[in-house]
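One letter stands for each residue in the lines below.
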Amino acid sequence: MDLRIADIAVSPAEREAVDAFLSPRIGTARGGWDGGERNIELDGRTARGGHEARSHRDLLLPTLHAVQDRVGWISPGAVAHIARRLTVPPAEIFGVATFYALLSTTERPSAAVHVCDDMACRLAGAEDICQQLEVTLGPAGHAQPGEQRTWHRSPCLGQCERAPAALFTIAGDPAIRVSTGPLDAPTILARLDDGVHGQGRLEAVEGPLGTAATPERLEQLRLLAPQAGQPGLRLLARIGRVDPTSLTAYLANGGYRALREAIAAGPERVIAEVTAAEVLGRGGAAFPTGRKWAAARAAEARPKNIVCNADEAEPGTFKDRVILEEDPFALVEAMTIAAFAVGAERGFIYLRGEYPLAEARMQNAIDRAREKGLLGRNVLDTGFDFEIEIRRGGGAYIAGEETALFESIEGDRPEPRSKPPFPVEVGLFGKPTVINNVETLANLPHIVRDGAAAYAATGTPGSRGSKLFSLSGHVARPGVYEVPFGTRLSDLIELAGGVRDGHQVKIVNIGGAAGSFVGPDRLDLPLTYEHARAEGVTIGAGAVVVFDETTDVLDILRRIAAFFRDESCGQCVPCRVGTVRQEELLARLIAHRPRGTVADELALLDELGRAMRDASICGLGQTANSAVASGLRVAGVLS
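Just so it is clear, the structure is predicted and the values come from calculations on it, not from any experiment.

Parameters at a glance
- Every chain's residues receive numbers from 1 upward, in the order its sequence appears when written.
- Given that the model is predicted, a residue must reach a pLDDT of at least 70 before its local features are reported, and side-chain atom pairs must reach 80 or more before they are shown or counted; all residues, however, enter totals for whole chains, interfaces and linings.
- Hydrogen atoms and water are omitted, and side-chain values are computed over all heavy atoms in the structure.
- Throughout, the edges of the domains are those of an automatic or database domain assignment.
- The contact criterion used throughout is that any non-hydrogen atoms of two residues lie within 4.5 Å.
- Here's the idea: put two parts together, see how much 1.4 Å probe accessible area each one loses, and the total over both is what we call buried area.
- The way it works is that DSSP assigns letters per residue, a run of H or I at least four long becomes a helix, a run of E at least two long becomes a strand, and they are numbered from the N terminus.
- Pairs were defined over the aromatic rings of Phe, Tyr and Trp, the Trp ring being its six-membered one, requiring ring centres within 6.5 Å. Orientation was assigned from the angle between planes: stacked under 30 degrees, edge-to-face over 60, tilted for the rest.
- Any residue under 20% of the maximum accessible area for its type is buried, any over 50% is exposed, and the rest in between are partly exposed; the area is computed with a 1.4 Å probe on protein chains only.
- We call a charge positioned over a ring when the NZ of a Lys or the CZ of an Arg lies within 6 Å of the ring centre and within 35 degrees of the ring normal.
- Should DSSP find at least two bridges between two strands, the strands are regarded as paired.
- Any N or O atom pair separated by 3.5 Å or less is treated as a polar contact, with the protein-specific requirement of one donor-capable and one acceptor-capable atom, and with residues adjacent in sequence counted only for side-chain atom pairs.

Turning next to the domain arrangement of the protein. Segmentation of the protein into domains returns domain 1 (12-97), domain 2 (111-195), domain 3 (247-457), domain 4 (460-548) and domain 5 (553-635). Of note, the centres of domain 3 and domain 4, computed from C-alpha atoms alone, are 26 Å apart. Opposite the 20 residues of domain 3 that make contact, domain 4 presents 22 residues. For the pair domain 3 and domain 4, the summed buried surface comes to about 1600 Å²; carbon and sulfur atoms form 59% of the total.

As a further point, take unusual backbone geometry. Along the chain, Asp173 connects to Pro174 via a cis peptide bond; the corresponding omega equals 5°. As for its position among the elements, Pro174 is in the loop between strand S3 (166-170) and strand S4 (176-180). Omega for the bond connecting Pro420 with Pro421 falls within 30 degrees of zero, at 5°, which places this linkage in the cis form. Topologically, Pro421 is positioned in the loop between helix H18 (402-409) and strand S9 (433-437). One non-glycine residue, His592, adopts positive backbone phi at about 60°. Position of His592 relative to the elements: it lies in the loop between helix H25 (573-590) and helix H26 (598-615).

Moving on, we get to the packing of aromatic side chains. Inspection of the entire model under this criterion finds 11 aromatic pairs. With centroids separated by 5.4 Å and ring planes inclined at 75°, the aromatic side chains of Phe563 and Phe564 adopt a geometry described as edge-to-face. For Phe563, a relative accessible area of 3% puts it in the buried group. For Phe564, a relative accessible area of 0% puts it in the buried group. Chaining the aromatic ring pairs together yields one cluster made of Tyr250, Tyr256 and Phe329. The aromatic ring of Phe21 is capped on one face by Arg25, whose charged end is 3.9 Å from the ring centroid. Lys467 extends its terminal NZ or CZ atom over the ring of Phe469, reaching a point 5.4 Å from the ring centre.

We now examine the pairing of strand S2 (residues 149-154). Remember that side chains alternate between the two faces of the sheet whenever the strand is regular. For S2, the tally of buried residues reaches 5 of 6 residues, placing the bulk of the element in the interior. Where strand S1 (residues 111-116) and S2 come together, 6 bridges link them in parallel fashion. Across the sheet, residue Cys116 finds its bridge partner in S2, namely Ser154.

By secondary structure assignment, the location of Glu401 is in the loop between strand S8 (384-392) and H18. Taking relative accessible area as the criterion, Glu401 reaches 15% and is therefore assigned buried. Separated by 2.6 Å, the side chains of Glu401 and Thr403 make a polar contact. Contacts of Glu401, omitting those with residues within four sequence positions, involve Pro416, Lys419 and Cys618.

To continue, consider the side chain of Ser408. As for its placement among the helices and strands, Ser408 is situated in helix H18. Polar contacts involving the side chain of Ser408 include one to the side chain of Tyr100, which spans 2.7 Å. Ignoring any residue separated from it by four or fewer positions in sequence, one finds Ser408 in contact with Leu61, Tyr100, Tyr350 and Pro414.

Laid out in structure tokens, this is it:
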């Protein structure tokens, strides 16, 4: 791309998309210096914009989304116009735009589909679908001349319970974005045609059954959360029983009682209860939430931030999607409680770009809460101010790392920062920040309302409470399950109906691509953080993918290796080079063309793993070898 912007014209649609998003937030363009028409009397003497415009660089990613949604790609003209409006160098805008898989700086048709070919979808026939699409539409990512449709391969879309799945994006005003499944190639092509010809909206956002809590809708939701409607649940208690778009329904089912009790108790008491409950982070790191909150409250700098990490991109994981789509008011309430406790004024939900329904439901919940005085200025007439904003991700797994997520919100490439300093001291915008996972936050109203003792009565001494697990693969009833910590892996699989009829467990992935594999001899493993550590595995964010004896394990492991190769941000050499060499090594083994002996290759793989684990900046490189190495060892496919 030519990054000289002086003579590059922006199309009317691109200009309208950029200005429609930016003008309500930073004001209209006044002259040629900040994206308006050239005015020699004004522009020849005074440079407007400058530091003022650059202070809004955090609007860069949503502005790029606005252009992509409107015209289907981000042209040099659009980059030039954004550069003028935000006073950001075009080279830096280009660097940000090219980082994200869901953004395109190459012209492409307005109708696109991203087809998942990751673990669960692969087991459900995704590779056959991709081959059929290639015959009709050409190679992935390369639109044929005159073709109005295009397709792309995608890592996990977080739709594992309805594999094989796809994300449709149809540019326009308004744009259409739909994630759905299960699908086959003819259905995908037909839905792309619908998008091209403007026939309907591909699929109603709310689905054919609407959002009201009816027996029919409850039954449909059991395909996502099979326990929906059952007694004794905490995090899934409202799923299927409460309209997720209705604040009135949420209030009638205990909503916002916890926030009122938190305000009555005071910040210190809330933090004390969260600390006593010993709730650990559910995003994978398992850091004590109370300790994080106490440190953030003690920090002197202001303003403080609350960030919800909803960038659920770990392959095989989709449990946060249930809360985002089906209990969004609970997340808004939980973030407000967290903000009150630590003294934060601003909140951000960093949401997966592949979750369009979750985005619509969360935005509705934020808007309704603000209308009722439950969010914004003077919450519940207490003098407490707190606002929440959604930031849509662009398809980058590394953005799930907390500091990379901050970089993304701030308008930079999402590359992890070195720590310390830690986010509770220097986080988003350089200010004290609490960042928690969706599931972690969803526990908070229960702790405030019922007390730490009641919460901690469930689970084990080292793993308090219940846990959401995403089950997929060769199980009879894939979906999200809520079970107490300490439940055995075999019992969790049985809860999902066991392995499909006539088959046996060959291998089980726990924790996703960054997790580990276990064999059928370890199905009695209690699912707790302490037992996982003792066994040398990880629970991670709660992904559990079951593979039966028909699985080509080497193919799955190569897909995992390719995932890390593609998702490495490239900032540090051990990860940037190690992930590529790891995938190449597996490709040689699959082709039966090892360099030297198989033993030599396995020794090299172990060396690569150690180098990435010991020297990588962040968790991506440190865990890139875990599942690959454990899968080869457990499956014994090369022995």
